Amino acid sequence: MNILSFAIRNVKRNWHRTLVTTSAMGFAGMIMILYASLMEGLFQASERNAVAMDLGDIQIHAHGYRRDPDLYTRIADANHLVQSLQQAGLHATQRLYGFGLAAAGSSSAGVQLRGIDLKNETTVTQIHRHLMQGRWLDRSDPHGVVVGRKLARTLNVKVGDEVVIVSQATDGSMANDLYRVRGILKSVGEEIDRAGFFMIAPAFRELMVLPEGAHEITIMRPERSASLEAATTAVKTLAPRYEVMSWRELRPLIAAILGLADTHILFALLVTYVAVAMVVLNAMLMSVFERIHEFGVMKAIGFGPGQLTLLVYTETLIQVAAASVLALLGGLPLSGFFERHGIDLSAFVSSVSFAGIALDPVWQAYVTRRSVVMPIVALFVIAGIAVIYPAVKAAVIRPVKAIYYR
Amino acid sequence: MKPLNANEPPHEHIVRLEDVSKIYQQGKIQVRAVDNLSLDIDTGDFCALCGPSGSGKTTVLNLIGGLDVPTQGKVFLENQDLGDLNGAEIARIRRDRIGFVFQAYNLIPVMTAYENAEFVLKLQGRPERECRDRVMAILTEVGLAGLEHRRPDEMSGGQQQRVAIARAIVTQPAVVLADEPTANVDSATADSLLDLMQRLNREDGVTFLFSSHDQRVMDRARRLIRLRDGRLGSDEVRP
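Residues numbered from 1 in each chain as written. Chains lettered and ligands numbered in written order. Predicted model: local features only at pLDDT ≥ 70, side-chain atom pairs only at ≥ 80, totals over all residues. Heavy atoms only, no water.

Asker: I'd like a rundown of the overall build of chain B, residues and numbers included.
Answerer: Within chain B, the secondary structure is distributed over 7 helices and 10 strands. Radius of gyration (C-alpha) of chain B: 17 Å, near the 18 Å computed for a compact globule of 239 residues. Counting every position in chain B, which comprises 239 residues, the buried fraction comes to 56%. In chain B, once contacts between residues fewer than 6 apart in sequence are set aside, the share between residues at least 24 apart is 71%. Summed over its atoms, the accessible surface of chain B is roughly 10,200 Å², and 45% of this surface lies on carbon and sulfur atoms. Mean positive and mean negative side-chain charge positions of chain B (30 and 35 charges, respectively) differ by 2 Å. (Helix = DSSP H or I, 4+ residues; strand = E, 2+ residues; numbered from the N terminus. Rg over C-alpha atoms; globule rule 2.2 N^0.38 Å. Buried < 20%, exposed > 50% of the residue type's maximum accessible area, 1.4 Å probe, protein only. Contact = heavy atoms within 4.5 Å. Areas by Shrake-Rupley, 256 points an atom, 1.4 Å probe, with all protein chains shown as cover. Lys, Arg positive; Asp, Glu negative; His and termini not counted. Charge placed at Lys NZ, Arg CZ, Asp CG, Glu CD.)

Asker: Hey, could you go over the domain arrangement of chain A for me, with residue numbers and the actual values?
Answerer: Segmentation of chain A into domains returns domain 1 (3-50 + 258-403) and domain 2 (58-220). Between domain 1 of chain A and domain 2 of chain A, the C-alpha centre-to-centre distance is 50 Å. (Domains from an automatic or database assignment.)

Asker: Explain the sheet that holds strand β4 (residues 72-77) of chain B to me, using residue names and the numbers behind them.
Answerer: Residue and element names in this part refer to chain B. Strand order in the open sheet formed by 4 strands is β2-β1-β4-β5, with antiparallel pairing between adjacent strands. If you trace the sheet from one side to the other, it starts and ends with β2 (29-42) and β5 (80-81), each paired once. Of the pairings in the sheet, the one linking strand β1 (residues 13-26) to β2 comprises 10 bridges and is antiparallel in character. Counterpart to Gln26 in the pairing with β2 is Ile29. The sheet contacts of helix α1 (residues 57-64) involve β1, β2 and β4, and relative to β1 the element is tilted by about 120°. (Pairing = 2+ DSSP bridges. Axes fitted to C-alpha atoms, helices over the stretch in contact; angles between N-to-C directions.)

Asker: Account for the interface of chain B and chain A, with residues named and values stated.
Answerer: Counting residues at the interface gives 25 residues for chain B, matched by 21 residues for chain A. Taken together, both faces of the contact between chain B and chain A bury some 1,900 Å²; the carbon and sulfur share is 64%. Contact with chain A buries surface across chain B, with Leu67(B), Val110(B) and Leu123(B) losing the most and accounting together for 26% of the total. Summed over the shared surface of chain B and chain A, the number is 2 salt bridges. (Buried area = accessible area lost by both parts, 1.4 Å probe. Salt bridge = Lys/Arg side-chain N within 4 Å of Asp/Glu carboxyl O.)

Asker: Summarise the sheet that holds strand β7 (residues 175-179) of chain B; cite the residues concerned and give the values.
Answerer: Residue and element names in this part refer to chain B. Spatially, the 6 strands line up as an open sheet ordered β6-β7-β8-β3-β9-β10, and their pairing is mixed. With partners counted over all chains shown, the strands left at the sheet margins are β6 (98-101) and β10 (231-237), one partner each. Across this sheet, the average inter-strand angle for adjacent strands is 15°, counted without regard to direction. Across 6 bridges, the pairing between strand β9 (residues 223-228) and β10 is antiparallel. Bridge pairing links Arg228 to Arg231 in β10.

Asker: Go over a nonpolar patch on the surface, please, and point to the residues and values.
Answerer: All names here are of chain A. A cluster of nonpolar side chains, Val373, Val377, Val381, Ile385, Ile388, Val392 and Val396, forms an exposed patch at the surface whose accessible area comes to about 580 Å². Elements supplying a minimum of two residues to the nonpolar patch: α14 (369-386) and α15 (388-395). With 4 residues, α14 is the largest single contributor of residues to the nonpolar patch. Mapped onto the elements, Val373 comes out in helix α14. (Patch = residues over 30% accessible without salt bridge, like charges linked within 9 Å, V, L, I, M, F, W, Y side chains within 5 Å.)

Asker: I'd like a rundown of the environment of Gln94(A), residues and numbers included.
Answerer: All names here are of chain A. Positionally, Gln94 belongs in strand β2 (residues 91-104). Residues Gln94 and Gly213 lie 119 residues apart in sequence; the distance between their C-alpha atoms is 8.8 Å. Sequence-distant contacts of Gln94, that is, excluding residues within four places in its chain, are made with Ala78, Asn79, Val82, Gly115, Asp117, Arg205, Gly213, Ala214, Glu216 and Ile217. A polar atom in the side chain of Gln94 sits 2.5 Å from the side chain of Asn79. (Polar contact = N/O pair within 3.5 Å; in protein donor to acceptor, adjacent residues only side chain to side chain.)

Asker: Tell me about the pattern of salt bridges, and name the residues and values.
Answerer: Scanning all chains against the criterion turns up 33 salt bridges over all chains. The shortest N-O distance in the salt bridge between Asp57(A) and Arg221(A) comes to 2.9 Å. Placement of the pair is Asp57(A) in the loop between α2 (15-55) and β1 (58-61) and Arg221(A) in the loop between β9 (216-220) and α8 (228-238), with a sequence separation of 164 residues. An identical accessibility class is assigned to Asp57(A) and Arg221(A); each is buried. Of the charged contacts, one joins Glu118(B) and Lys122(B) as a salt bridge, the two residues approaching to 3.9 Å between their closest N and O atoms. With Glu118(B) and Lys122(B) both in helix α3 (residues 113-123) and 4 residues apart, this pair spans about one turn of that helix. According to the relative accessible area criterion, Lys122(B) is partly exposed, its value standing at 28%. Residues participating in the shared-partner salt-bridge network are Asp54(A), Arg95(A), Arg114(A), Glu121(A) and Glu216(A).

Asker: So what's going on with the packing of α3(B) against helix α4 (residues 128-141) of chain B? Which residues, and what values?
Answerer: All names here are of chain B. Two elements in contact, α3 and α4, have axes separated by 9 Å at closest approach and are oriented at 135°. As the angle between them shows, α3 and α4 are arranged oblique. Both α3 and α4 take part in a crossing whose hand is right-handed. Touching Tyr114, Ala117, Glu118, Leu121 and Lys122 of α3 are Glu128, Cys131, Arg132, Arg134, Val135, Met136 and Leu139, all from α4. Residue classes in the contact of α3 with α4 are distributed as 7 nonpolar, no polar and 5 charged. (Parallel < 35°, antiparallel > 145°, perpendicular 65-115°, else oblique. Left-handed = near helix turned anticlockwise from the far one by under 90°. Nonpolar A, V, L, I, M, F, W, Y, C, P; charged D, E, K, R; others polar.)

Asker: Tell me what's going on with the side chain of Asn201(B), and back it up with residues and numbers.
Answerer: All names here are of chain B. Following the sequence through the fold, Asn201 ends up in helix α6 (residues 187-204). Polar contacts involving the side chain of Asn201 include one to the main-chain carbonyl oxygen of Gly44, which spans 3.0 Å. Excluding its chain neighbours within four sequence positions, the residues that come into contact with Asn201 are Gly44, Asp45, Phe46, Val206, Thr207, Phe208 and Arg222.

Asker: Which residues make up the pairing of β1(A), and what values go with them?
Answerer: Each regular strand displays side chains that alternate between the two surfaces of the sheet. All names here are of chain A. Along β1, one buried face is formed by Ile58 and Ile60 and the opposite face, lined by Gln59 and His61, is buried too. As paired elements, β1 and β9 share 3 bridges and run antiparallel to each other. Paired with Ile58 across the bridge in β9 is Ile219. Where β1 meets strand β10 (residues 243-246), 4 bridges bridge the pair, whose relative direction is antiparallel. Following the sheet pairing, Gln59 is matched in β10 by Met245.

Okay, here's the thing in structure tokens:
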């Protein structure tokens, strides 16, 4: 009889205890798969909102623009540069920025005017799909604008309402015009939510008397798996006269927090699994203590300490393997359910933000290989650590004492 | 049955104890379980250690079996001083050269009769076929043919002790140490077990050393060693 089949029989001997231990481990594993998937969802949504809604992977600015976002500090050859980037296989779009005062009825607010290249913006960000109400910008409606969620609330406007913009154009003249709200965005980020005022680029150029150039070129890698660093280097080569930065450099705090996703999940796993470790330790200690006599006999007839350790470990691993199956059978469908339906927090909070990034109040899980594998691997590791003491205890049993132990 | 270590010459004295003492500490009291005991057990002996409770019978078996170490003196098994061996080497000696039969059978409860008997052969790494042939031969020899798939809780005390004897002799050990082997069985079963062990000793040359205060064991032993307070009381060899 090999160790595995011996261990299987031992595990089945006290099936009540095995059931309780395995169920406890399986339940903890299931919860941790769900938790890890929810955290993955949170981190993915954060990155998506930060990168895919606004930042893009890489941005190009004229030197000095980021420090002092002046209307006159522009990328002069923006059209040519966007074409070069697109020929290099990257998605790129140019943007125009200005500041102004918006007024609707008796309400007013400072806004960040955003001139959008309709054709290219959709290849770079997903913001056109992130509408809470109404529709995205359209070339045929030059005075239709999309506004941030909080800005709409501040101005007390809804889709179809009119908004007046007042600013200063590049020629020094008073820039003012009347626009109509086409759409209101879902939460993207504090800046856009509070002040985002999106219009098509020609409308912006007309308002601000800005016939050419752009304030920003935003770039997205065609494949998320492609190296961000390599893409940034490639863009720097194509735009040597400008400031080129990846989103990680542009938002180092967000990058750092998202980079800690693994650590965060691991820490939560450790805290939760400490309880599991106690269950395993208790069960295996009981299992060893009630078999001291038997282990003594086994050692007396030639079973070595290493083999006893291996036996105790194998018994534990069998239970952890069964628990892992339970965890997967429970955790995957549960996580899948919350991936499809999410947890609607809108009844409790009006807006959700994480690391300064606004999130949708419906918190959706995201099942990834990491969110499934990490809890299972951690379960094996924790159980493996917890069983060290019982295994050593079994290994060092003195047969002469154990044989007469009752 | 062909011995597993047939290439080794037989040792005249399988077991030799030289001035062996074993002192246990029980709280503040020292208990001298074995006191300057010297004796030899010869190849093919069918020998009983007897004496009242506390006379040191089990301790002597434990010392010979390498389960315990003497406080002073030396224990030799096949001329090998057990005191010169480390834990792993003694474990190997126990596995390969000693068979144990315990009073309470001490079979592994999750294993069948076959698997219990096969257990030590597997530990020795014997090939599957050899294990099967030897185990089936031994189980037949001890009268358990047809019961090989039963687990201990499905067998009587006598049947369990037969499995224990099969497990003890399946490796063809130098000596079988049997601690009160008849204590937990009825008279008829005890007689039958003693018949079995006597036959194994006579026909296969298996050396048996019993600890017992069962008169039936003492009556059948060819050599009777009486212990008293850990010392040798008498050593009687019968024709």
